[in-house]
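# Survey of secondary and tertiary structure
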Amino acid sequence: MNIRRRQLLGPTKNAPWMDIAALNPAILEYKDKMIMLFRSNGSEGKAWDDPDAIYPIALGYGFSTDGGETWEFDYSRPALYPECELDIDKVYITNKYGEKVANFANGSIEDPRLFMIEDKCYLTVACRLFPMGNLWWDNSLVRMVPEWAHNENNPFGKSAKDNPTVTVLYEVDLEALIRRDYENAFFYLTHLSNPDFGQNRDIVFLPERKMIDGKLQYVMMERPVEPFRNPFLTAKKPSMVFSAAETFYEFAKPENKKVLILEPQFEWEADRIGASAPPLKIDDKHWLVCYHGKQNDEVGYTQNFLVFRDRENDFPELIYHVDERLITVAEDWEMPGSFTIPCVFVTGMVKLGNKLFLSYGAADEKVGLMELDYNELLDHLRQNGADI
């Protein structure tokens, strides 16, 4: 299959907030533009005046007006950034509805996914309550956890004590984003994963609500790192899971039902599997999902596709999952650098005409864009057994 690959962005020395890495971009078609939010790592940034917290993980903004051929990026500042507060009274945020809630995006904001549901734009991001330090060199995941967080009775529970990845949901005003009015572009809604059940990321949604168990519900795909910690699941490794809820605020509740979609089966999936980009509707009954598998630190991450078929009053049924490493590291600029695990990590998927664009992080340091022929991809899936 012919795949065109291009590097769009990398570490930028004249932008201290992204001089270590720019990676894992989300993309979305909106009016005459393709919108991008990408994850950045930098040595300096707003609200990080503590010398031990100089590695902010934030989101930057870019766009294309010619169908993804050329891109413009805002190097002046991050679009969305963590406050990195360590004071127990400041680890809060006012959500869209004026309520004071725990700010699970206080410490880092990573791996964006953009999607639309019923004419509203949403953003999921993998976050931590406290800053991580520089993951690329010293893996200091707990360096910035304050002393009070180790108290079992702290008001944020395991999220403070263990500092796990928690997925957070924002609503996005795309018009404000395009104007670069960042302060009015992002509205904190809620956290989607429960920190009591451990780390959880790579969360995407079907772009429409579905009738599940007799109720019209949002449908979420997630990838808990330790699914067995949830009472509804028994899988032993990071796996793909369905859940549904009538409101976004119910997903993190302990009683929210989880249903296993898929756990690692093939050698190249041995360590973990998870959704990469928000699903794309093929026709009235079928969904295309780009997903990732990791074999180990030597082989790294591979991308392939799944196909789901809608069912009445139930979650979509997985009908296509094959042993094929369709997208792997191939270009020199995708090869490991500061981060040593081979990595092509898709975080966005947009169809424009017969072109399918996949935005991805390369080597955990750069932003890449793949261009595939959509019909050629579907023919390939059919030839391998997909009933679509």
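Residues numbered from 1 in each chain as written. Predicted model: local features only at pLDDT ≥ 70, side-chain atom pairs only at ≥ 80, totals over all residues. Heavy atoms only, no water.

Below, the discussion takes up the confidence of the model for the protein. Scored by pLDDT, the protein comes out at a mean of 93, with 94% of its residues at no less than 70. Here residues 136–142 is modelled with pLDDT under 50, and outside its nearest four sequence neighbours on either side it reaches 19 contacts, counting other chains as well. (pLDDT = per-residue confidence, 0-100. Contact = heavy atoms within 4.5 Å.)

Right, let's get into the environment of Pro207. By the element assignment, Pro207 lies in the loop between strand S12 (200–205) and strand S13 (210–212). Of the residues examined, Pro207 reaches a relative accessible area of 29% and is grouped as partly exposed. As a C-alpha pair, Pro207 and Thr165 span 42 residues in sequence and 24 Å in three-dimensional space. (Helix = DSSP H or I, 4+ residues; strand = E, 2+ residues; numbered from the N terminus. Buried < 20%, exposed > 50% of the residue type's maximum accessible area, 1.4 Å probe, protein only.)

This model, assessed by the stated rule, comprises 24 aromatic pairs. An aromatic cluster of three or more residues is present, and its members are Phe115, Tyr122, Phe205, Tyr218, Phe248 and Phe251. Geometry around Tyr218 places Arg209 over its ring, the cationic atom sitting 5.6 Å from the centre. Lying over the aromatic face of Tyr374, Lys351 brings its terminal NZ or CZ to 4.8 Å of the ring centre. (Phe/Tyr/Trp six-rings, centres within 6.5 Å; stacked < 30°, edge-to-face > 60°. Lys NZ or Arg CZ within 6 Å of the ring centre and 35° of its normal.)

Within a beta sheet, neighbouring strands are joined by backbone hydrogen bonds and run either parallel or antiparallel to one another. Pairing is antiparallel in the open sheet, where 4 strands are placed in the order S8-S9-S10-S11. Looking at the sheet topology across the chains shown, the edges are occupied by strand S8 (108–117) and strand S11 (186–191). Going from strand to strand, the sheet's axes swing by 30° on average, the running direction of each strand aside. Sheet analysis places S8 next to strand S9 (residues 120–128), joined by 8 bridges and oriented antiparallel. Of the residues in S9, the one forming a bridge with Phe115 is Tyr122. (Pairing = 2+ DSSP bridges. Axes fitted to C-alpha atoms, helices over the stretch in contact; angles between N-to-C directions.)

Further remarks concern the pairing of strand S1 (residues 3–9). Of all 7 residues making up S1, 5 are buried, and the element is well covered by its neighbours. Bridge count for S1 against strand S24 (residues 366–373) is 6 bridges, and the pairing is antiparallel. Each residue of the ladder has a partner; that of Ile3, found in S24, is Leu372.

Spatially, S2-S3-S4-S5 is the arrangement adopted by the 4 strands of the open sheet, whose pairing is antiparallel. Because the sheet does not close on itself, it has two edges, and the strands there are strand S2 (21–30) and strand S5 (72–73). Relative to strand S4 (residues 57–64), strand S3 (residues 33–41) runs antiparallel, the two sharing 8 bridges. Looking at the pairing, Met34 lines up with Ser64 of S4.

Across all of its chains, the model carries 31 salt bridges by this definition. The salt bridge involving Glu175 is made with Lys31; its shortest N-O contact spans 2.6 Å. Separated by 144 residues along the polypeptide, Glu175 in helix H2 (residues 174–178) and Lys31 in the loop between S2 and S3 bring together distant segments of the chain. Glu110 is the partner of Arg201 in a salt bridge, and the nearest nitrogen-oxygen pair spans 2.9 Å. Remark: Glu110 occurs in strand S8 and Arg201 occurs in strand S12; sequence separation between them is 91 residues. On the accessibility criterion, Arg201 (13% relative accessible area) is buried. Take Glu110: its relative accessible area is 4%, and that puts it in the buried class. A single network of salt bridges, built from pairs that share partners, joins Arg4, Glu69, Lys355 and Glu371. (Salt bridge = Lys/Arg side-chain N within 4 Å of Asp/Glu carboxyl O.)

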